[in-house]
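Observations on the three-dimensional arrangement
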Amino acid sequence: MSARELTAHEAAALLHFYADAGVDVLVEDAPVDLTVRSETRAAASQSPQPRPAEPRQKTPAAASAAPQAPRPPVGTTTIPDDKAVSDAQFAAESARSLGELKTVLEGFSGCNLKHNARSTITLEAMPDTGILAVCGFPTGDDDRNGAPLAGRAGGLFERMLAAIGLTREAVAVTTALPWRTPGDRSPTHSEMDICRPFLERQIALAEPRILLVLGNFACRMMIDSNKTVFDLRGKWHTREINGHAVEVLVTFSPTELLAAPANKKPAWQDLLSFKARLG
């Protein structure tokens with residue numbers, strides 16, 4: 001694909017992905033001897049510099065033809081300005097159903113994460129059980145499948161549910177962010193602020209009876225940004241969204257349990273607490 005075929009947002013997202021992947025040099029069309037460039041710069045820095053000529057006063061015609069100052073480069077992450085957040089809030093509030101919210105998200109262009117992701121992941125329906133699980137940002141498996149908790153993490157999640165007598169169909173699942181981050185990097189604060197209205201609108205429209213928050217990122221985004229999953233797990237919290245109060249239990253995400261199996265024991269204790277509250 002030629003760079004000319006990319007929009008500014010797509011080019012910015014692609015460059016950010018390259019930077020996260022460790023790329024620090026771009027290949028040019030013709031070979032360049034960088035040592036010659038270095039020697040030329042060194043020689044130029046040692047040679048006496050000519051005194052700059054006094055600037056001439058510009059005529060009105062010359063002033064109008066003068067080149068404009070270059071614009072700042074497009075950022076590689078979402079711009080943390082109030083307008084982007086307010087646009088997200090307005091777009092989220094405009095949805096009157098989960099189906100409308102998915103349509104709104106697919107048409108929203110205020111977050112650069114969308115330009116790099118394959119899929120927009122959002123909640124589409126709630127089961128009769130009223131159980132909603134919220135995990136962190138989508139992984140590569142989620143992005144490819146267009147659904148949360150796919151791949152190995154999804155298999156572990158189904159076994160966790162089966163251990164307390166639940167099926168995957170009985171639990172609705174969504175992600176705190178609707179789009180995967182480039183290279184699975186941690187989301188920025190601005191990306192979280194822009195995506196938060198969509199998450200809160202999903203919960204408000206779904207009106208779950210009980211919430212299971214999975215993982216460090218999701219609990220910090222939903223419960224307390226200054227604490228971790230280790231601080232918040234094993235305790236029941238009350239989260240009020242749009243006038244709807246819901247009970248919340250925090251535990252480790254399947255992805256975290258795959259990376260650190262030693263946490264399966266406290267996660268099992270959390271699941272037993274969740275089962276008891278359901279009963």
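Structural notes, computed from the coordinates.

Definitions and cut-offs
- Residues numbered from 1 in each chain as written.
- Predicted model: local features only at pLDDT ≥ 70, side-chain atom pairs only at ≥ 80, totals over all residues.
- Heavy atoms only, no water.
- Buried < 20%, exposed > 50% of the residue type's maximum accessible area, 1.4 Å probe, protein only.
- Helix = DSSP H or I, 4+ residues; strand = E, 2+ residues; numbered from the N terminus.
- Pairing = 2+ DSSP bridges.
- Polar contact = N/O pair within 3.5 Å; in protein donor to acceptor, adjacent residues only side chain to side chain.
- Contact = heavy atoms within 4.5 Å.
- Salt bridge = Lys/Arg side-chain N within 4 Å of Asp/Glu carboxyl O.
- Axes fitted to C-alpha atoms, helices over the stretch in contact; angles between N-to-C directions.
- Phe/Tyr/Trp six-rings, centres within 6.5 Å; stacked < 30°, edge-to-face > 60°.

1. Examining the pairing of strand β2 (residues 171-175)
A large share of β2 lies buried, amounting to 5 of its 5 residues. In β2, alternate side chains face the same way, and those of V171, V173 and T175 on one face and A172 and T174 on the other are all buried. Across 5 bridges, the pairing between strand β1 (residues 131-135) and β2 is parallel. Note that in β2 the partner of C135 across the bridge is T175.

2. Brief notes about unusual backbone geometry
With phi around 50°, L149 is a residue other than glycine that occupies positive phi space. For L149, the position within the fold is in the loop between α7 (140-145) and α8 (151-163). A positive phi angle, close to 50°, is found at E207, a residue other than glycine. By the secondary structure assignment, E207 is in the loop between α9 (189-206) and β3 (210-214). The exposure class of E207 is exposed, given its relative accessible area of 54%.

3. Brief notes about the side chain of T120
Relative to the elements of secondary structure, T120 occurs in the loop between α6 (113-116) and β1. Assessed through its relative accessible area of 15%, T120 is described here as buried. Within polar-contact distance, the side chain of T120 engages the side chain of W179 at 2.8 Å. With residues up to four places along the chain from it excluded, the contact list for T120 reads K102, L105, E106, P178 and W179.

4. Focus on the pattern of salt bridges
As a working rule, side chains carrying opposite charge can pair if their charged atoms are close by. All chains considered together, the criterion is met by 11 salt bridges. Across the salt bridge formed by R196 and D193, the nearest N and O atoms sit 3.0 Å from each other. Taken together, the residues R196 and D193, both in helix α9 and 3 residues apart, mark about one turn of the helix. What makes D193 partly exposed here is its relative accessible area of 35%.

5. Quick word on the sheet that holds strand β5 (residues 244-251)
Reading across from one edge, β2-β1-β3-β5-β4 is the order of the 5 strands in this open sheet, with mixed pairing throughout. Two strands close off the open sheet at either side, each with one partner strand: β2 and β4 (236-241). Neighbouring strand axes in the sheet, compared pairwise and without regard to direction, differ in orientation by 30° on average.

6. Some points on the packing of aromatic side chains
Under the counting rule described, the total for this entry stands at 4 aromatic pairs. Relative to F217, the ring of F137 has its centre 5.3 Å away and its plane inclined at 80°; by these criteria the two rings are edge-to-face. One end of the pair, F137, is in the loop between β1 and α7; the other, F217, is in helix α10 (residues 216-222), with 80 residues separating them in the sequence. Classification of F137 by relative accessible area gives partly exposed; the value is 22%. Taking relative accessible area as the criterion, F217 reaches 16% and is therefore assigned buried.

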